[in-house]
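Chain by chain, the residues run as shown.
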Amino acid sequence: MAVTNIDPGAPDFSPQWPERTDLDIAQVAFTYDAASDTLFIDFYGPGRPAASVPSEDDDRDDVYLRVDPATAAVVGLQIEHFLSAFVLDRPDYLDALELADLHGIPPDQVDAIRERLAPVRKRAAVDAVFDDLARMSA
Amino acid sequence: MPPTDDRPSPRTVVVSAVDRWGRDMVAYLGRWESHVEQRHPELDEHFDVVDLALRDPEVITLDAVHPNRENFYRRGALPPPYDRLYLKVCMAMGGRSPRGLPTTGEVVTAYPTPRVGRGEAQKWP
């Protein structure tokens, strides 16, 4: 049985996303943790205290917004089941590992995963060509 | 004489609890320092709240993807401003027990969150 019970007393964070143009790209940090299979994307550098608020558009709660409870500002993202499930649906996100500080996974293992997902990524690239470029020339 | 290293071992147990089924649940210092403190500093040194969630959870679920993982949820464990949220403690089950018990779980991660995860199957109650 699946459970989704929400505590009625839990605060409504109404997360506030930053303006992407306001982000200092030098502060944005990608970190992958193999033991928890989680990709963290920190908008203001790593290590800010926050609540992990699941994205409403996510059937499996893979994507959590890291929300500052004092300001409701989204300070980053926490993507669970990253290599086990998330990138299978969104293979483009595999590129994030090239930018990431890798914890507990050697680069050659990342290469092996990339190779394994190559057909999925190729399919996505072909879909993009048909969705975007073919429409332009129609 | 070689210099001695006084740093505690990463395998030092910082949380040790027995869950409702008598399973040995632990958090190791190495995982706590390298992950929980770094990635979830809102937990700081709240070993006690992780211990509470493992001993006396409100909900236990099976992870939506990883078959060897169980998630323990407990509200009101963390101090404000996280006190109305669940503390979610994610355990990898089946590791080696420091006390030699047949079944054990090891803390993988822990964080405050407003609800039980969608896609997780309820194990208890």
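Structural notes, computed from the coordinates.

For the rest of this paragraph, the subject is the interface of chain B and chain A. The partner chain A presents 42 residues to the 35 residues of chain B that form the contact. Inspection of the region where chain B meets chain A yields five salt bridges. Counting the contacts that link chain B with chain A gives 16 residue pairs in polar contact (both at pLDDT 80 or more). Put simply, the parts of the chain that give the side of chain B that touches chain A at least two residues each are α1 (29-39), β3 (59-62), β4 (69-75), β5 (86-93), β6 (104-113) and β7 (121-124) of chain B. Tallying contributions element by element places β6(B) first for the side of chain B that touches chain A, with five residues. Of the residues contributing to the side of chain B that touches chain A, the split by class is 14 nonpolar, ten polar and eleven charged.

All names here are of chain A. Where burial is concerned, most of strand β4 (residues 63-67) is hidden: five out of the five residues are buried. A two-sided burial pattern is seen for β4, the buried positions comprising Val63, Leu65 and Val67 on one face and Tyr64 and Arg66 on the other. As paired elements, strand β3 (residues 51-54) and β4 share four bridges and run antiparallel to each other. Bridge assignment links Pro54 to a residue of β4, and that residue is Tyr64. Bridge count between β4 and strand β5 (residues 74-79): five bridges; the pairing is antiparallel. Each bridged residue has a counterpart across the sheet, and for Val63 the counterpart in β5 is Ile79. Where β4 hands over to β5, the hairpin turn is made up of six residues, of which Ala72 adopts a positive phi near 65 degrees.

Residue and element names in this part refer to chain B. A sheet is described by the order of its strands in space; here seven strands give the open sequence β1-β2-β6-β5-β4-β3-β7, paired in mixed fashion. This sheet does not close on itself; its edge strands, each paired only once, are β1 (13-18) and β7. Strand-to-strand twist across the sheet, computed as the mean angle between neighbouring axes with direction ignored, equals 35 degrees. Sitting on the sheet, helix α2 (residues 47-55) is in contact with β1, β2 (24-28), β4, β5 and β6, with an inclination near 20 degrees to β1.

Let's shift gears to the sheet that holds strand β2 (residues 38-42) of chain A. All names here are of chain A. With respect to topology, six strands assemble into an open sheet ordered β3-β4-β5-β2-β1-β6, the strand pairing being mixed. Across the chains shown, the open sheet's two edge strands, defined by having one partner strand only, are β3 and β6 (101-103). Neighbouring strand axes in the sheet, compared pairwise and without regard to direction, differ in orientation by 25 degrees on average. The sheet contact formed by strand β1 (residues 29-33) and β2 spans five bridges and is antiparallel. Among the inter-strand pairings, Phe30 is bridged to a residue of β2, identified as Ile41.

Moving on, we get to the environment of B:Gly105. Residue and element names in this part refer to chain B. Among the secondary structure elements, Gly105 is positioned in strand β6. A relative accessible area of 1% places Gly105 in the buried class. Note: C-alpha distance between Gly105 and Asn68 (37 residues apart in sequence) is 9.4 Å. Setting aside residues no more than four positions away along its own chain, Gly105 makes contact with Asp24, Met25, Val26, Met91, Ala92 and Met93.

Procedures and definitions
Residues numbered from 1 in each chain as written. Chains lettered and ligands numbered in written order. Predicted model: local features only at pLDDT ≥ 70, side-chain atom pairs only at ≥ 80, totals over all residues. Heavy atoms only, no water. Contact = heavy atoms within 4.5 Å. Salt bridge = Lys/Arg side-chain N within 4 Å of Asp/Glu carboxyl O. Polar contact = N/O pair within 3.5 Å; in protein donor to acceptor, adjacent residues only side chain to side chain. Helix = DSSP H or I, 4+ residues; strand = E, 2+ residues; numbered from the N terminus. Nonpolar A, V, L, I, M, F, W, Y, C, P; charged D, E, K, R; others polar. Buried < 20%, exposed > 50% of the residue type's maximum accessible area, 1.4 Å probe, protein only. Pairing = 2+ DSSP bridges. Axes fitted to C-alpha atoms, helices over the stretch in contact; angles between N-to-C directions.

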